[in-house]
Each structure stands twice: as C-alpha cells, then as structure tokens.
Amino acid sequence: MDDLDPQLLRTLRAVADAGSITGAAASLGYSQPAVSQLLQRAEQRLGHALVLRGARGVSLTEAGQVLADHALHVQAALTAAREDLDAVGGLTRGRVRIAGFPSASSTLVPAVLAWLADRVPGVTTTYVEVEPPEALAMLRRGEADVALTFTYVGDEVGAVPDPGLLTRSIGRDPLALVTPVGAGAVAESAVRSGGSDRGGPVGTGGAVAGSGAAAGDRSVVVDLASQRDARWIGGCPRCRGHLLASCATAGFTPDIVLETDNAAAVVGLVAAGLGVALLPRLALATTVIPAGVSVDPVDEDLARHVEVVVARGAERVPSVRATLEAVRSAAALLA
C-alpha cells in the first residue's frame, strides 16, 4: 500500500515500546508534535485509528499493533536489500551490531568476532555487553542486530513469545557450585553419580582446585542442599531468581548476603570465606580459580540454555547470516 511507509511502522513500534508519544519521540530523535502529526495523518490516510490516548499514556489499537509487529520485518528486509546491493558478488560490505551477556564477552564473543574478521573482513562489527532483557529490548528498538542471551528451565512459563523475534538455541551452559575448600561441598552424603557428559567448569586462567569433583572426577554431582546453612552470593536478577528456585526445589531458601554478577569478584568472595555461589561454566572459563576454592558440578537440569536471537526476517541480511554462522562455530565452546 502506498499509504504505508517504514517511518510509520518504526514510529508505531516506538510508541508500543515506550507507552507514550513523548517517549517514542525521544527514542526516534523526533519532536513530540512531529510524531503526533505523523500518526494523525496516517490515521486519516488509512481510515483506521492507530493509537488510543488515555490518562495513563498511549496504547496501540489492534490495527496499530498489526502494523507495529511488521516494523522489525520491514527494517530487516530493507537492510537485507541494501547489503545485497552493496555485496553483489560477495559479502564485501555490511554492519552488524551484537549485544551479549557478560560471561559471553570473554568466551563466545571473541570467537564470533574473530570468525567474522577472518571470513568477512568487509563487515563492520560492534559489541555491547548487557543482560538478556536489555539485549532483547535493543533488538526490538532496532539498536542491535544479533543478541546472545540465555534462559533457564521455567523462564518460559507465563511468557508470551515475541512474534517479531527469531530465537535459536546454540547449547547448554552447565552450572557449578563454588565453595571455599573445606566447606563440605562434596560430603559423601551430598553427592550422587552422574553421566559422563556432566563435565565440571574449566578454568583456563588457572587450575581448578579443591574437591574430587573439581579435581577431575566429573561423575560426582553436588546436591545444593549440602549448602543450606551457608551464606550465598547472588548474581544478576535472572540468575538470582534461578538460584532461589533451584534451592527451593532442594528444600531450602538460600541466605543471599552478597550480590555481584562479576565472576572474578564472586570467586574472590568465596576464597575469602564470605559465601558460596552457583556460577555457569562460561563465567568460570576465563576466571582464575585459587587453591582455596572448590568448583563442583551440580545437577545438569540446572544448566542454562544459551541462545542467539535476531529480528524475524533479519536472517536474510548477509551480515546477520554470517554472524549466525559465526555463532554456530563458536558454540563449540559449550560442548
């Protein structure tokens, strides 16, 4: 339809995300009157009400939401067309903006960026470190092209899938219990045999020391209930929620007295005898584990699932398609 244009779709998407005309204008870099006039003219042309104005802000009508849902697809198609023109005969130009969670920054992301630099040097890449909720928000706002995220079992309960996003699983990231040596992390009554694929975390910066599980017996799995009386160190909000749920399943509520999402800081606090923690393998992979710290595998069902997310349709964009291939290659780090 001649009455539709990408600017209108982007504006409706911004209104949906911001919940107000003023917020949408700020995110788009427009004035508030300009956005209001654009929407009013569009409603007159299309013959449909697009926004509902109320005392608590602005929301989209059903017609407005339908158009807003197409905004990411249209932007992805336009980007794909532009890059296809630029890259006739090969991927010689392009740009990809990647957002990823902290423990991916020192593990998956370097592998992804190195792959891209080697295979498609004409593509410009940028990276920003943010937690998964903000990474997804950046995708929806068009501020990122590819997001590396993670979820835990149960996160999907009650969640409404976003039709504008395409999510692909790239692997599992097992968790480990990090305790001071001698804290009884692997008391005989608190462990059970597991499968041979339940590997413990690898500390590339230093040897993993401590209990039998940490030292190489990867068939030993620690029961969280062995630390029911310990002081705990929490991480990001999503990780804290998972810790609370996991401990509840084990029959207790953890006494969380410290919080940081910096893995090195967590290990330092544990080494000082100030608490125990659950950390993912990726977070431990580049963290030096001192001799006073034990790192032991926990139930594989507690593992988080690492995912790559793009706007639906963006996988056709040459630079995004190359990045997805780079992510698949880097996923070997999760094996």
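Note that the coordinates shown come from a computational prediction; the quantities given were computed from them, not determined experimentally.

Student: Where do I start with the pairing of strand β11 (residues 255–259) in this structure?
Tutor: If a strand is regular, its side chains alternate between the two faces of the sheet. The pairing of strand β10 (residues 231–234) with β11 spans four bridges and is classified as parallel. Note on β11: the bridge partner recorded for Trp 232 is Ile 256. In this fold, the crossover linking β10 to β11 by way of helix α10 (residues 237–249) has right-handed handedness.

Student: What exactly am I supposed to notice about the environment of Thr 22 here?
Tutor: The topology assignment puts Thr 22 in helix α2 (residues 21–28). Through-space distance from the C-alpha of Thr 22 to that of Gly 57 is 9.6 Å; in sequence the pair is 35 residues apart.

Student: Would you mind showing me how to read the sheet that holds strand β12 (residues 277–280) here?
Tutor: By definition, the strands of a sheet pair up through backbone hydrogen bonds, in either a parallel or an antiparallel sense. Spatially, the three strands line up as an open sheet ordered β12-β7-β13, and their pairing is antiparallel. If you trace the sheet from one side to the other, it starts and ends with β12 and β13 (293–297), each paired once. The sheet shows a mean angle of 35 degrees between the axes of neighbouring strands, taken without regard to direction. Here strand β7 (residues 175–180) runs beside β12; their pairing, made up of four bridges, is antiparallel. Within β12, the position partnered with Val 178 by the bridge is Ala 277. In this fold helix α11 (residues 263–271) packs onto β7, β12 and β13, with an angle of close to 145 degrees to the strand it touches most, β12.

Student: Explain the state of the cysteines here, please?
Tutor: Among covalent bonds in proteins, the disulfide is the one between the sulfur atoms of two cysteines. Taken as a whole, this structure holds zero disulfides when the rule is applied. Here Cys 236 stays free of any disulfide, with the sulfur of Cys 239 as its closest cysteine sulfur at 3.1 Å. The buried category is assigned to Cys 236, whose relative accessible area is 7%.

Student: What's the story with helix α4 (residues 62–69) in this structure? I'm lost.
Tutor: Three- or four-residue spacings in an α-helix give side chains the same orientation, since the helix completes a turn every 3.6 residues. Here α4 has its buried residues at Gly 64, Leu 67 and Ala 68. One side of α4 holds all its buried residues, which, seen down the axis, span an arc of 100 degrees.

Student: Would you explain the nonpolar core in this entry?
Tutor: In summary, soluble globular proteins display a tendency toward joint burial of nonpolar side chains. Judged by nonpolar contacts, the single largest core of 59 residues is most densely connected at Leu 116, Ile 170, Leu 224 and Trp 232. By residue number, the principal contributor to this core is helix α13 (residues 318–330), which donates six residues. When residues no more than four places from it in sequence are discounted, the contact partners of Leu 116 are Val 96, Ile 98, Pro 121, Thr 125, Ala 322, Thr 323 and Ala 326. Formed by 21 residues, the second largest nonpolar core is a distinct cluster that contains Leu 8, Ala 25, Leu 28 and Val 58.

Student: What should I look at first to understand the pattern of salt bridges in this one?
Tutor: Note that side chains of opposite charge can pair when their charged atoms are close. Under the counting rule described, the total for this entry stands at eight salt bridges. We note a salt bridge from Glu 143 to Arg 141, for which the minimum N-O separation is 3.0 Å. Accessibility expressed as a relative area gives 37% for Glu 143, which makes it partly exposed.

Student: Please explain the side chain of Thr 323 as it appears in this structure.
Tutor: Tracing the chain through its elements places Thr 323 in helix α13. Look at Thr 323 and you get buried, because its relative accessible area is 0%. Discounting residues that sit within four places of it in the chain, Thr 323 has contacts with Val 96, Ile 98, Val 112, Leu 116 and Val 146.

Student: What is the right way to read the sheet that holds strand β14 (residues 304–311) from this model?
Tutor: As summarised here, the arrangement of the five strands in space is β4-β3-β5-β14-β6, forming an open sheet in which the pairing is mixed. Each end of this open sheet is capped by a strand with a single partner; those strands are β4 (123–129) and β6 (165–173). On average, adjacent strands in this sheet sit at an angle of 25 degrees to one another, irrespective of strand direction. Relative to β4, strand β3 (residues 94–100) runs parallel, the two being bridged by seven bridges. Counted as the bridge partner of Arg 97 is Thr 126 from β4.

Criteria and thresholds
- Residues numbered from 1 in each chain as written.
- Predicted model: local features only at pLDDT ≥ 70, side-chain atom pairs only at ≥ 80, totals over all residues.
- Heavy atoms only, no water.
- Pairing = 2+ DSSP bridges.
- Helix = DSSP H or I, 4+ residues; strand = E, 2+ residues; numbered from the N terminus.
- Right-handed = clockwise from strand over helix to strand, strands pointing away.
- Axes fitted to C-alpha atoms, helices over the stretch in contact; angles between N-to-C directions.
- Contact = heavy atoms within 4.5 Å.
- Disulfide = S-S within 2.5 Å.
- Buried < 20%, exposed > 50% of the residue type's maximum accessible area, 1.4 Å probe, protein only.
- Arc of directions from axis to C-beta.
- Core = buried A, V, L, I, M, F, W, Y, C linked by side-chain atoms within 4.5 Å.
- Salt bridge = Lys/Arg side-chain N within 4 Å of Asp/Glu carboxyl O.

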